[in-house]
Amino acid sequence: MKISKKIEQSQKEGKIWWSFEYFPPRTAQGLQNLLDRIERMRNLGPEFIDITWNAGGRTSELTSEMVRLCQGVIGIETCMHLTCTNMPKEKVDIALREAKKHGCRNILALRGDPPQGKEEWEAVEGGFIHGIDLVRHIHKEYGDYFDIAVAGFPQNMLLPPEECDLELKYLKEKIDAGVNFIFTQMFYDVDIFIDWAKAVRAAGITIPIVPGIAPIQTWNGFLKATSLAKTKIPQSFMDALEPHKNDDEKVRAIGTKLVADMCRKILQADLGIQGLHFYTMNLEKGTKMLLQELNLVPRVETLKPLPWRQSLTPNRRQENIRPIFWANRAQSYLSRTENWDEFPNGRFGDSRSPAYGELDGYGVSLKQTEEEALKLWGEPKTFDDVAQLFSKFCLKKLSALPVVGPAELSKINRFGFLTINSQPAVNGAPSDDPKFGWGPGDGFVYQKVYAYQLWGLSGIFRKSELLEILISELEMDTKVTYYVINKQGDLRTNSRSEGPNAVTWGVFPGKEIIQPTIVEAISFMAWKDEAYELGVKWANIYETTSPSRKLIMDLMDDSYLVNVVHNDFKDTKAIFAPFFKAGEKYAASRPKANGSGQINGDLN
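This one's a predicted model, so the numbers in the text were calculated from it and none came from an experiment.

**Student:** Sorry if this is basic, but what is going on with the overall build of the protein chain here?
**Tutor:** From N to C terminus, the protein chain includes 20 helices and 21 strands. The proportion of buried residues among the 604 residues of the protein chain is 53%. Look at the contacts in the protein chain between residues 6 or more apart in sequence, and 74% of them connect residues 24 or more apart.

**Student:** What am I meant to see in unusual backbone geometry here?
**Tutor:** Excluding glycine, residues mostly have negative phi values, and the peptide bonds linking residues are mostly trans. Its identity is not glycine, yet Asn282 carries a phi of approximately 65°, on the positive side. With phi around 60°, Asn295 is a residue other than glycine that occupies positive phi space. With respect to the helices and strands, Asn295 occurs in the loop between helix 11 (285-293) and helix 12 (300-303). The class of Asn295 is exposed, set by a relative accessible area of 62%.

**Student:** In this structure, what is going on with the packing of aromatic side chains? I would like to understand it.
**Tutor:** Here the distance between the centres and the angle between the planes together describe a pair of aromatic rings. In the structure shown here, the tally under the stated rule is 17 aromatic pairs. Geometrically, the ring pair formed by Phe187 and Phe193 is stacked, given 4.6 Å between the ring centres and 5° between the ring planes. There is no split in this pair, since Phe187 and Phe193 are both buried. Where Phe576 meets Phe580, the ring centres are 5.9 Å apart and the plane angle is 20°; that geometry is what we call stacked. Here Phe580 and Phe576 lie together in helix 20 (residues 576-589), a separation of 4 residues that amounts to about one turn. The class for Phe576 is buried, based on a relative accessible area of 13%. When the ring centre of Tyr145 is taken as reference, the NZ or CZ atom of Lys100 above it lies at 4.9 Å. Its end group placed over the ring of Tyr145, Arg105 keeps NZ or CZ at 4.0 Å from the ring centre.

**Student:** Help me understand the pattern of salt bridges in this model?
**Tutor:** Oppositely charged side chains may form a pair once their charged atoms are brought near each other. A full pass over the atoms with the stated rule returns 21 salt bridges. Lys169 is the partner of Glu173 in a salt bridge, and the nearest nitrogen-oxygen pair spans 2.9 Å. With a gap of 4 residues between them, Glu173 and Lys169 both fall in helix 6 (residues 161-176), about one helical turn apart. Judged by relative accessible area, which is 36%, Glu173 ranks as partly exposed.

**Student:** Mind showing me how you'd approach the confidence of the model for the protein chain here?
**Tutor:** For any part of a model where pLDDT is low, the fine detail of the predicted coordinates should not be relied upon. Per-chain confidence: the protein chain averages 81 in pLDDT, with 79% of residues scoring 70 or above. Predicted confidence is poor over residues 339-364, with pLDDT under 50, and the contacts of this stretch with residues over four places away or in other chains come to 63 contacts. Per-residue pLDDT stays below 50 along residues 402-407; that stretch engages in 25 contacts with residues further than four places along the chain or on separate chains.

**Student:** Explain the pairing of strand 6 (residues 181-184) to me, please; I cannot follow it from the model alone.
**Tutor:** Walk down a regular strand and you will see the side chains alternate between the two sheet faces. Side chains Phe181 and Phe183 project from strand 6 onto one buried face, and the interleaved Ile182 and Thr184 project onto a second face that is buried too. The pairing of strand 5 (residues 147-152) with strand 6 spans 4 bridges and is classified as parallel. Within strand 6, the position partnered with Gly152 by the bridge is Thr184. Remark: the strand 5/helix 6/strand 6 crossover connection has right-handed handedness. Across 2 bridges, the pairing between strand 6 and strand 7 (residues 209-210) is parallel. Residue pairing for strand 7: Ile182 is matched across the bridge by Ile209. Crossover connection from strand 6 via helix 7 (residues 190-202) to parallel strand 7: handedness right-handed.

**Student:** So what exactly am I meant to see when it comes to a negative patch on the surface here?
**Tutor:** Taken together, the side chains of Glu162, Glu163, Asp165 and Glu167 define an acidic patch exposed on the protein surface. Here Glu163 shows up in helix 6. By relative accessible area, which is 42% here, Glu163 ends up partly exposed.

**Student:** Honestly, the sheet that holds strand 8 (residues 212-213) in this entry has me stumped. Any pointers?
**Tutor:** Pairing is parallel across the open sheet formed by 9 strands, whose spatial order is 7-6-5-4-3-2-1-9-8. For this open sheet the edge positions go to strand 7 and strand 8, each flanked by a neighbour on one side alone.

**Student:** Hey, could you run me through the side chain of Thr63 in this one?
**Tutor:** With respect to the secondary-structure elements, Thr63 resides in helix 3 (residues 60-74). With near-sequence residues (within four places) excluded, Thr63 lies in contact with Pro24, Ile51, Thr52, Trp53 and Met80.

**Student:** Where do I start with the packing of helix 18 (residues 521-539) against helix 19 (residues 547-558) in this structure?
**Tutor:** Where helix 18 meets helix 19, the closest approach of the two axes is 8 Å, and the angle between their N-to-C directions is 170°. The angle between helix 18 and helix 19 places the two elements in the roughly antiparallel class. Across the interface between the two elements, Tyr532, Gly535, Val536, Trp538 and Ala539 of helix 18 pack against Arg549, Ile552, Met553 and Met556 of helix 19. Across the contact of helix 18 with helix 19, the residue classes break down as 7 nonpolar, 1 polar and 1 charged.

**Student:** Any chance you could explain the nonpolar core here in plain terms?
**Tutor:** If you look at soluble globular proteins, the nonpolar side chains tend to sit buried side by side. Ranked by internal contacts, the top residues of the largest apolar core, which has 81 residues, are Leu82, Phe193 and Ile213. Looking at which element gives the most residues to this core, the answer is helix 10 (residues 248-267), with 8 residues. Among all residues touching Ile213, those that are not within four sequence positions of it are Phe187, Val259, Met262, Cys263, Ile266, Leu276, His277, Phe278, Tyr279 and Leu290. Core analysis: the second largest hydrophobic core is formed by 30 residues, Tyr483, Val519, Leu551 and Met556 among them.

**Student:** Looking at this structure, how should I read the environment of Thr280?
**Tutor:** Mapped onto the elements of the fold, Thr280 is located in the loop between strand 9 (275-279) and helix 11. Considered as a pair, Thr280 and Ile213 are 67 residues apart in the sequence and their alpha carbons are 8.7 Å apart. Aside from chain neighbours lying at most four places away, what touches Thr280 is Phe20, Glu21, Tyr22, Met41, Gln217 and Thr287. Only 2.6 Å separates the side chain of Thr280 from the backbone oxygen of Glu21, close enough to count as a polar contact. At 3.0 Å, the side chain of Thr280 and the backbone nitrogen of Asn282 are in polar contact.

The rules behind the values
- Residues numbered from 1 in each chain as written.
- Predicted model: local features only at pLDDT ≥ 70, side-chain atom pairs only at ≥ 80, totals over all residues.
- Heavy atoms only, no water.
- Helix = DSSP H or I, 4+ residues; strand = E, 2+ residues; numbered from the N terminus.
- Buried < 20%, exposed > 50% of the residue type's maximum accessible area, 1.4 Å probe, protein only.
- Contact = heavy atoms within 4.5 Å.
- Phe/Tyr/Trp six-rings, centres within 6.5 Å; stacked < 30°, edge-to-face > 60°.
- Lys NZ or Arg CZ within 6 Å of the ring centre and 35° of its normal.
- Salt bridge = Lys/Arg side-chain N within 4 Å of Asp/Glu carboxyl O.
- pLDDT = per-residue confidence, 0-100.
- Pairing = 2+ DSSP bridges.
- Right-handed = clockwise from strand over helix to strand, strands pointing away.
- Patch = residues over 30% accessible without salt bridge, like charges linked within 9 Å, V, L, I, M, F, W, Y side chains within 5 Å.
- Areas by Shrake-Rupley, 256 points an atom, 1.4 Å probe, with all protein chains shown as cover.
- Lys, Arg positive; Asp, Glu negative; His and termini not counted.
- Charge placed at Lys NZ, Arg CZ, Asp CG, Glu CD.
- Axes fitted to C-alpha atoms, helices over the stretch in contact; angles between N-to-C directions.
- Parallel < 35°, antiparallel > 145°, perpendicular 65-115°, else oblique.
- Nonpolar A, V, L, I, M, F, W, Y, C, P; charged D, E, K, R; others polar.
- Core = buried A, V, L, I, M, F, W, Y, C linked by side-chain atoms within 4.5 Å.
- Polar contact = N/O pair within 3.5 Å; in protein donor to acceptor, adjacent residues only side chain to side chain.

This is how it looks when you write it as structure tokens:
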């Protein structure tokens, strides 16, 4: 989506918005850490982010890769910087082509700084000389596909009047060439910014101005950044910060209040500005503290336009329905389906397509290192040990499992039904509900209780007996839909339709009912390979001849996956009854151990 449209919508709704800037790190580990941080900071509610382009284009490929991942995997609207520095026309065209391919609709066009090691800027052969040349080239090649932003420099107000007027004239020429909004350079003197913004408006420039806000992280970092940018520091800032220059925590706390006061003055200055662009410096805490100080709380609609993370690449942007099986493995789902033929009417592609992907373009893997996994899960020796792990996770006494399940399912797990994934029933929760809400405001959301994707019972004991008891209980409830499948792909179901069963939907003013999450047989069958492969990955953290490895491998070879949906979304507890009854009947049929029926363990 174009940023100008987001700004326009925010103005119509009278809401304050914010965005974040990041730069490509220098190392592979730094990149992964930054992507993890962007993922976390997405929960702070930015409307978009932007990714810088290194002076000289040294990190151009990394910038493009970050745009791809942020648009496609993290699912956040991204603006890409593009400079003229060391960039012949051919490299510019490659960058623009890649940006469009990744679904990026926003470019910040800059002349750029001199390359590293040079004091003066100079054009390369076949390149562009001024930012306006880059703006014109983008429009020539792509028309209005991209929103184009340029930089604004409030510090120009400190120039002699003639030079200041000349800079405003150059800015107006860029705008007239087809620019949609302005990002400003960082500043700390709010009066200079307000005077500059008024001068920009007096020059006939009416497009949105987005003030660039730099949180104060440390004393030395503050001095270095302002020195490089030749930014004027108000004496009041120096008086407040310098006495604490050796205490970074104190500097950040005081700096947060100073910058927050500056932001409030901007938003209250009757300039038509309702957005703030934070220069994060790839750091999290300073930006988070500043948002908290300003009491800027993210809206549910921004964080969760759908109950799952939407990909913003061109072929997926209109996708609004997904199978629920990949609820906790979004990247795997994106990789598996990236070559599906189409997304008809915004729905997920047909998993029967010949283009349906392999398990995972990145390979199925655990989210934990081997060392972390061993620390979390220990070395289970019996099926009861495994069941206890799942039970602890559901009680929130264990932070993670190879597969993911919710709380309040401990009893089911103790019966031996190992929970992988689930959702509770929801009957008309407001769309801004902090736990269940998603989508536009003033709506209502609904969920069928998703009879928690379950591991069927292991061959550690007589699986067929317990399975048959469970199925007989499920068959007695006409409101239940179930699928049962083993590793070999043998499917049993009571569903008489191959079509999807919507398990999440929302009702919003002025919109058709949205049904973003579904269950259906074909996707369940495709997903089972990934589920079993995760189990194998778990087994492989143990020594080849260890009892733990044999236990988990036997579990994967002999278990069933059970998927149950209770279609009465008003009854939040009905789905548990078949599992409780099946577990109790099975326990009663087993030989007694120490005077009680043994549910789990090594009985054969």
